[in-house]
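Below, each chain spelled out in residue letters.
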Protein chains: 2
Amino acid sequence: MFEKIMHVDSSLSKEDLKVQIKQLRNKLALQQHQIKEKQVPVLINIDGWGQAGKGTLLSHMIRELDPRFYQVYAYKEENEEESRKPLLWRYIENIPERGKISFFDTSYIEELTIKSVTKYLSEKKLNHHLSEVCTLERQLRDNDYIIVKLFLHISKEEEAHRNIKLLEDRTTSWKVTDLDRLQVERRGKYEKAYEYILEKTDTDYNPWHIIPAKDKKEAEFLALTFITDTIEEVLNHPVTAPPITENNFPLLKMPELSSVPLDQDISDEEYKERLDDLQDKLSKLNNRIYKQGIPIVIAYEGWDASGKGGNIKRLTHSFDARGCNVHPIAAPSPEEKAKHYLWRFSTRLPKSSHVTLFDRSWYGRVLVERIEEYCSEDDWKRAYNEINEFEKWISDWGAIVIKFWIQIDKDTQLKRFEERQANPEKIWKITDEDWRNREKWDDYEVAVNEMLQKTSTSYAPWHIIESNSKKYARIKTLEIVLAAIEERLDDY
Amino acid sequence: MFEKIMHVDSSLSKEDLKVQIKQLRNKLALQQHQIKEKQVPVLINIDGWGQAGKGTLLSHMIRELDPRFYQVYAYKEENEEESRKPLLWRYIENIPERGKISFFDTSYIEELTIKSVTKYLSEKKLNHHLSEVCTLERQLRDNDYIIVKLFLHISKEEEAHRNIKLLEDRTTSWKVTDLDRLQVERRGKYEKAYEYILEKTDTDYNPWHIIPAKDKKEAEFLALTFITDTIEEVLNHPVTAPPITENNFPLLKMPELSSVPLDQDISDEEYKERLDDLQDKLSKLNNRIYKQGIPIVIAYEGWDASGKGGNIKRLTHSFDARGCNVHPIAAPSPEEKAKHYLWRFSTRLPKSSHVTLFDRSWYGRVLVERIEEYCSEDDWKRAYNEINEFEKWISDWGAIVIKFWIQIDKDTQLKRFEERQANPEKIWKITDEDWRNREKWDDYEVAVNEMLQKTSTSYAPWHIIESNSKKYARIKTLEIVLAAIEERLDDY
C-alpha cells in the first residue's frame with residue numbers, strides 16, 4: 001500500500017498550493033450544504049503514523065465548515081465500559097446522522113493495528129475483525145453513507161525526528177506517548193501490520209487514500225482533494241438501489257406460521273410449579289453468566305396482544321435486576337431515524353455479563369417498515385442479510401442471541417382485543433392502531449413467514465412460541481433461554 | 001440517623017409478612033400504571049452497607065413491575081470518561097423519564113462516603129458536594145420528580161459474617177471486593193461518614209428511610225411500605241406550584257437592551273488582522289487548557305439573523321477540533337422533553353480539557369418556552385434560580401462558563417431577513433417561524449432583559465455582543481473568551 005502513494009504535482013508553487021487549498025476548503029463547505037440538503041451522512045476516517053499531523057490537518061480542513069453539522073471524535077484506548085462491548089461498538093456509536101459529517105481521528109484501523117502488533121489479537125481474530133470492518137463499511141455505503149478513508153504517511157526517520165522535537169519542548173513533551181515511542185522502535189512490525197490491514201480493508205467501494213504527510217500543506221491539499229472528489233462523485237451518482245447481497249449464513253428450516261398448532265395448554269398448578277422451578281434455575285445460573293462475562297440478547301416479536309409483555313416480565317425477573325434491561329422499541333426518534341437503522345439497536349447492546357431484552361426489535365425493518373412502506377422495497381429486501389450480519393457480529397462477540405416470535409391465531413387476538421376494550425383497567429392497552437394492524441394480518445403473515453425463513457440462523461435462531469395459552473408460552477420461553485444458557489456454559 | 005431505625009411490628013407472623021409483601025408488590029405495580037398515566041418520574045435510591053442485600057431487595061421488589069417502564073442502574077467506581085465530568089453527572093444522566101422509574105443501586109451517597117473516608121475528598125469539598133446533592137434533589141422535586149431514598153442497615157458483625165459466608169463458597173467469593181473488606185475493617189470511620197452524609201441530605205422533602213436489613217423479608221416489607229407510601233402521598237397531593245426559591249448568587253448589573261449602542265464598526269483590514277491574531281493566541285493556549293484539564297462551556301443566545309452561526313465558527317476554529325463540540329439546540333426530542341429540562345444540557349457538558357459551545361441553550365426555558373407558553377409561568381419564574389444553580393455547579397466543577405447575547409436592532413434583522421429571502425443560496429436560512437418570532441420582538445425583549453438581569457453572575461456572566469457589524473461582534477467574542485481563559489490560567 002505504501003508504494004502507491006500519491007504525490008502532489010511538483011509544478012505547484014507554495015503560493016499556488018495555498019490558493020488551491022483555500023478553494024478546496026470552500027468547496028467542502030459548499031458540499032456541506034449539499035450534504036445537508038440531500039440528507040447524506042459522511043464519515044471521514046483519518047488514520048496514520050504517530051505525529052503525522054492528523055490533528056493539525058483536521059483543524060485546517062474544517063476551517064470553512066459550519067460547526068453545527070460536523071463532529072470530531074478522537075479515539076484513544078477504550079475504557080472499561082467500551083471494552084465490555086463489541087470491538088466496533090464505540091465507532092458505530094458515533095456514525096454521523098444524515099446531513100452531517102463525522103471525523104474519526106484514528107479509526108478502528110489504528111486500534112486493530114496496535115492490538116495486532118502487541119499480540120492482543122491473534123491473526124485469526126484480526127482477520128475476523130477485518131471482515132467485520134468490511135461488512136460494516138459495506139452496510140454503511142449500502143445505506144447511503146459516504147466514507148472517505150485517509151492514511152497520513154511519514155517515514156520512520158520523520159516520525160522519530162518529530163517525536164524528538166516535541167520532547168525537547170517542555171510544553172509539548174506530554175504529546176509523545178509511550179505508544180508513540182514504541183511505534184518508532186518497532187516500526188518494521190507496525191509497517192507490516194498496517195500494510196496488511198490497509199490492504200484487507202481497501203475495497204472498491206471504500207478505498208484507502210495514502211497521503212504523504214511530510215509537508216503539511218501538500219497533505220492538506222491531497223486530503224481535501226480526495227474528500228471533495230469522493231463526495232462530488234457520490235452526490236452526482238447516488239446509488240439508488242444497492243445490490244441485494246446474498247445471504248451467506250446457514251439457515252434453519254422454519255415452519256409456515258399457518259402450520260403451527262396452537263392448542264397447547266397447561267394447568268394452573270403445573271404452570272406455577274414449573275415457573276418457580278425455571279426461574280429458580282435461571283437465577284442460579286446468573287453468577288456463572290456474570291463471571292464468564294457472557295452477554296445475552298433476546299429479541300421479542302409477535303402479534304399485538306400475543307402476550308409479549310407478560311412473557312418478558314417472567315423472563316426479566318429470572319435475571320439479576322442490576323444486569324438486565326428491557327428496551328421497548330417504538331417508532332424511531334428523529335435522531336435515530338437520521339442514522340443507519342441498526343444504530344439504535346447497536347447502541348443498546350448489553351455490556352458483557354449483562355442481559356438485554358428487546359420488546360420488538362430490528363425486525364421492524366422487514367415487518368412494519370415493509371408493510372407501511374416506511375422504507376423502500378430494496379431497503380427491506382437488503383435487510384435480511386444485513387440483519388444476519390448484525391446478529392453474526394453480536395454472536396461472534398460472544399453473546400447468546402435468541403429470538404422469539406410470539407404466535408397466536410386471529411380469533412384469540414380478537415378475543416383479547418375485546419376483553420381489553422371491555423375492561424376499564426386494560427383499555428389503555430388497546431389503540432386504533434391495533435385495530436388497523438389487525439386488518440393487515442394477512443400482509444403481516446406473509447412478512448413474518450419470509451422473515452422466519454430468511455433470518456433463522458444457527459447462531460441466532462428464531463423460536464415460535466405458541467401463545468394462545470399465555471402460561472404455556474411463558475414456560476416455553478423460559479425453557480429455551482435456560483437451555484441456551486446451559487449449552488453455552490457447558491462450552492467453557 | 002442509625003438510631004431512628006424503624007422496626008417491623010413484631011406481631012406479624014412470617015406468613016402474614018409474606019402476604020403483606022405480596023400485596024405491597026401489587027400496589028407498587030398498580031402505582032406504576034398511575035405514574036405512567038400521570039407522567040410522573042420516580043427515582044428510587046438504594047444505599048446501604050456492603051452485603052446488606054440491596055441487589056436481592058431490588059430483584060424482589062420489582063417482581064410485579066412492567067419491565068418496560070423501569071430501569072435499574074448499578075453504580076461502581078467511575079470510569080475515565082465519568083471522572084472527567086462533574087461528580088453528579090453520571091447520576092443525572094440516568095434520571096427517569098416522566099412515567100418511568102429509575103432504581104439506583106447505590107447512589108452518589110455511597111460514592112461520597114467512600115471518597116470522604118479514603119480522604120479523596122476534603123471536608124470542605126464533601127460539604128460542597130452535599131449541598132449540590134440537596135440542590136439537585138430539590139430541583140428534581142420542584143420539577144415533579146418523586147424521590148425515595150432507602151438505606152439498608154446491618155451491624156458490623158452481620159456484615160463481617162456475610163462476607164465470610166460468601167468467601168467460603170468458591171462460586172460467590174468474587175462478590176466480596178477489597179472495598180467490602182475495607183468497609184468492615186474501618187467500620188467506625190464509615191459509620192461516622194454515613195451518619196454525617198445521611199443527616200446532611202435528610203431533608204423535609206426528600207427524607208432518608210433507614211431500614212434494618214438483617215431479615216430480608218422485613219427489609220422488603222419496610223422498603224415497599226416507604227416507596228408506596230411516598231408515591232401515594234405525592235400522587236394524592238401533587239405540588240402544582242413549587243415555591244420560587246430566591247436567588248442566592250451575587251448578580252452583575254446588566255444594561256437594558258434598548259440602551260446598548262449598536263453603531264460600532266471595524267474595517268476589513270483591521271478585522272482580518274485582529275482575527276488572525278486572536279485565533280492564533282487562542283490556539284496557542286490550547287495546550288495549557290488541555291494540560292490543566294479546564295473545561296469550557298460557552299452559551300450563545302441572540303436574535304434570529306444576529307450572526308450567531310458565523311460567530312461560533314470563528315470561535316470554534318480557534319480550538320483543537322478534537323476537543324471542541326458545537327451543540328445546536330432545537331426543540332427537545334420526546335425523550336428529552338420527558339426529563340428535567342436541564343437534562344439535555346447536563347448530558348452534553350464537555351469532559352475536562354474540552355470545549356462545548358451551545359448554539360442556543362438552557363435559556364430557552366425563560367425565552368421561547370416563556371413566550372410560547374410551553375411551560376407554566378411558575379416553571380419559567382423558578383428557572384432563573386435553577387439556571388444559576390446549574391451554572392454554579394458547572395463553574396464549581398472547574399469550568400469556565402461564558403454566555404453571549406448577540407444583539408442587533410430590529411431594522412438590521414429586517415434587512416438580513418430580506419437579504420436571505422432574495423438570495424437563493426441563503427433562502428434555506430429563513431423560515432416562516434423567523435417572521436413569526438420577529439412579530440414577537442417586544443415580548444422577547446422583555447424576556448431577554450429579565451434574563452440578563454437575573455442570571456448574570458460573577459461565575460457565569462452574560463456578555464452583550466453588539467452585532468450590527470458581524471465582524472466587530474466576532475472580534476469582541478474572541479477577545480472575551482481569550483481574556484477569560486488567560487485570567488483562569490493565571491490562577492494556576
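Since the structure is predicted, the reported quantities are computational estimates derived from the model, not experimental observations.

A. Representation of the pairing of strand S9 (residues 400–407) of chain B within the structure. All names here are of chain B. In terms of burial, S9 is largely enclosed, as eight of its eight residues are buried. Bridge analysis of strand S6 (residues 296–302) against S9 gives seven bridges, and the strand direction is parallel. Bridged to Glu 301 within S9 is Trp 405. Taken together, the five bridges between S9 and strand S10 (residues 462–466) define a ladder with parallel strand orientation. Residue pairing for S10: Trp 405 is matched across the bridge by Ile 464.

B. Region of interest: the packing of helix H5 (residues 108–117) of chain A against helix H6 (residues 123–142) of chain A. All names here are of chain A. At their nearest, the axes of H5 and H6 sit 11 Å apart, and the two run at 175 degrees to each other. By the angle between their axes, H5 is roughly antiparallel relative to H6. Residues Tyr 108, Leu 112 and Ser 116 of H5 lie in contact with H6, whose contacting residues are Leu 126, His 129, Leu 130, Val 133 and Glu 137.

C. Summary view of the packing of aromatic side chains. Across all of its chains, the model carries 46 aromatic pairs over all chains by this definition. A ring pair is formed by Trp174(A) and Tyr290(B), whose centres lie 5.2 Å apart and whose planes are at 15 degrees; its orientation type is stacked. Here Tyr290(B) lies in helix H11 (residues 268–292) and Trp174(A) lies in the loop between helix H7 (156–168) and helix H8 (178–185), a pairing that spans two chains. A relative accessible area of 27% means that Tyr290(B) is categorised as partly exposed. With a centroid separation of 6.1 Å and an interplanar angle of 40 degrees, the aromatic rings of Phe390(A) and Trp393(A) are classed as tilted. Note that Phe390(A) and Trp393(A) are positioned in helix H16 (residues 377–397) at a spacing of three residues, about one turn of the helix. What makes Trp393(A) buried here is its relative accessible area of 9%. Ring pairing ties together the aromatic residues Phe345(A), Phe358(A), Trp362(A), Tyr363(A), Phe390(A), Trp393(A) and Trp462(A), which thus form one cluster. Stacked on the ring of Tyr205(A), the Lys or Arg Arg141(A) has its end atom at 4.2 Å from the ring centre. Cation over ring: Arg370(B) sits above Trp380(B), and NZ or CZ is 3.9 Å from the ring centre.

D. Structural view of the sheet that holds strand S1 (residues 42–48) of chain B. All names here are of chain B. A sheet is described by the order of its strands in space; here five strands give the open sequence S2-S3-S1-S4-S5, paired in parallel fashion. With partners counted over all chains shown, the strands left at the sheet margins are strand S2 (70–74) and strand S5 (208–212), one partner each. Put simply, the sheet's adjacent strands are angled 20 degrees from each other on average, direction ignored. With five bridges connecting them, S2 and strand S3 (residues 101–105) associate as parallel partners. The partner of Gln 71 across the bridge, within S3, is Ser 102. Lying over the sheet, helix H9 (residues 187–200) contacts S1, strand S4 (146–153) and S5, oriented at roughly 160 degrees with respect to S4.

About the thresholds
Residues numbered from 1 in each chain as written. Chains lettered and ligands numbered in written order. Predicted model: local features only at pLDDT ≥ 70, side-chain atom pairs only at ≥ 80, totals over all residues. Heavy atoms only, no water. Buried < 20%, exposed > 50% of the residue type's maximum accessible area, 1.4 Å probe, protein only. Helix = DSSP H or I, 4+ residues; strand = E, 2+ residues; numbered from the N terminus. Pairing = 2+ DSSP bridges. Axes fitted to C-alpha atoms, helices over the stretch in contact; angles between N-to-C directions. Parallel < 35°, antiparallel > 145°, perpendicular 65-115°, else oblique. Contact = heavy atoms within 4.5 Å. Phe/Tyr/Trp six-rings, centres within 6.5 Å; stacked < 30°, edge-to-face > 60°. Lys NZ or Arg CZ within 6 Å of the ring centre and 35° of its normal.

The analysis is restricted to geometry; functional conclusions fall outside its scope.
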